[in-house]
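Geometric and topological summary
As a plain string of letters, each chain reads:
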Amino acid sequence: MPELPEVETIARNLREGRLGLQVPGQVIVDISNDWERQIAAPDWKTFRCKLRGQTILDVQRRGKYLVFPCTKGTLLIHLRMSGDILLVDHQEPAGGHEHTVFHFASGWSMRFSNTRKFGRVWYLEDPAEIYDRLGPEPLGSEFTADWLYTELTKRRRKIKPLLMDQTFLAGMGNIYTDETLHRAHIHPERTSDTLSRQEAESLWQNIRSTIEEGILRQGASIDWIYRGGDFQNTFQVYRRTGLPCPTCGTPVERILVGQRSTHFCPKCQPETQP
DNA sequence: CACGAGACCTGTTCGC
DNA sequence: TGCGAACAGGTCTCGT
């Protein structure tokens, strides 16, 4: 589910107290867990032991990871497809999918709701081991049009799976990739090294503007997972199969690319370079 | 190196 | 109405 804009929104909400509690400054008195596989590293016992008593100093984001720097090490959470973070009073009855709960000294709990159990939690002395495997941030200064063009040229991969490869670029998911490629008029199956300099420039521009708009709109809320955002109201192609392309009226098509549902306009995004 | 298939999970929606 | 199939915002591993 959550891609960069949704994770960024959650991080800001937790950091700024928009869910009723500011997480920075909270002291973790204990952690409970009813599904150990959710703890990716270290093992659950060590995780609980090491994190108990620590203070959360901040809430940040890197790629699609939520990052909680603590007194000693760093807590990281990846929400994957169906994860969410809830802040509630200790007394609040538990939902059915909250497998890891952080109990704060303030009487509040931070619960990791994770319906499909894909999400994972880490406690690391040094988060570099996660960061090192991630590509640049789309809104960061290392991600330039020059860099993108050069890197596209070095590979011969379909553009959509490449943009979603977190080691290439950190944060793009299925929604934002489909919307970005539509805005840039690039077919999702174009091979990366066939993009012209001008197309790479447009792609760079549209990656940034799509992500920025997603953050401004506080992400997308679709299906039964409501996150408060309204980016879904601006979708041009994502999950709009058969509906007219807002630009040219041609029905939006759905194909599979890299096993992922892919939506595009066959007229605005031709397979061959115009 | 690039790609496809399968795995990991539960819930909702769709088609007959 | 009921029931199985398809599908869902992500990532990992394995085989070709």
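All figures in this text were calculated on a predicted structure; none of them were measured in a lab. (Residues numbered from 1 in each chain as written. Chains lettered and ligands numbered in written order. Predicted model: local features only at pLDDT ≥ 70, side-chain atom pairs only at ≥ 80, totals over all residues. Heavy atoms only, no water.)

Turning our attention to the overall build of chain A. Broken down by element type, chain A carries seven helices and eleven strands. The C-alpha atoms of chain A give 20 Å as radius of gyration, which agrees with the globular expectation for 274 residues (19 Å, within 12%). In terms of overall dimensions, chain A has C-alpha extents of about 60 × 35 × 30 Å along its principal axes. Sorting the 274 residues of chain A into buried and exposed places 53% on the buried side. Restricting the contact set of chain A to residue pairs at least 6 apart, pairs at least 24 apart contribute 63%. Across chain A, the centroid of the 35 positively charged side chains sits 3 Å from that of the 34 negatively charged ones. (Helix = DSSP H or I, 4+ residues; strand = E, 2+ residues; numbered from the N terminus. Rg over C-alpha atoms; globule rule 2.2 N^0.38 Å. Buried < 20%, exposed > 50% of the residue type's maximum accessible area, 1.4 Å probe, protein only. Contact = heavy atoms within 4.5 Å. Lys, Arg positive; Asp, Glu negative; His and termini not counted. Charge placed at Lys NZ, Arg CZ, Asp CG, Glu CD.)

Turning next to the sheet that holds strand β6 (residues 83-89). Spatial strand order, β1-β7-β8-β6: four strands in an open sheet with antiparallel pairing. Every interior strand has two partners, whereas the edge strands, β1 (28-33) and β6, have only one. Looking at each pair of strands side by side, their axes are set apart by 20 degrees on average, direction ignored. Across the sheet, helix α2 (residues 44-51) touches β1 and β7 (98-104), and the angle it forms with β1 is around 165 degrees. (Pairing = 2+ DSSP bridges. Axes fitted to C-alpha atoms, helices over the stretch in contact; angles between N-to-C directions.)

Let's shift gears to the domain arrangement of chain A. Each assigned domain of chain A is listed with its residue range as follows: domain 1 (4-131) and domain 2 (145-264). For domain 1 versus domain 2, the distance between C-alpha centres works out to 29 Å. Together, Pro5, Glu6 and Lys64 form the three largest contributors to the area buried by domain 1 at its contact with domain 2, with a combined 40%. Our count for the contact surface shared by domain 1 and domain 2 stands at zero salt bridges. Examining the composition of the side of domain 1 that touches domain 2, we find that eight residues originate from one element, helix α1 (residues 4-16), more than from any other. Its residues placed into classes, the side of domain 1 that touches domain 2 shows three nonpolar, five polar and seven charged. (Domains from an automatic or database assignment. Buried area = accessible area lost by both parts, 1.4 Å probe. Salt bridge = Lys/Arg side-chain N within 4 Å of Asp/Glu carboxyl O. Nonpolar A, V, L, I, M, F, W, Y, C, P; charged D, E, K, R; others polar.)

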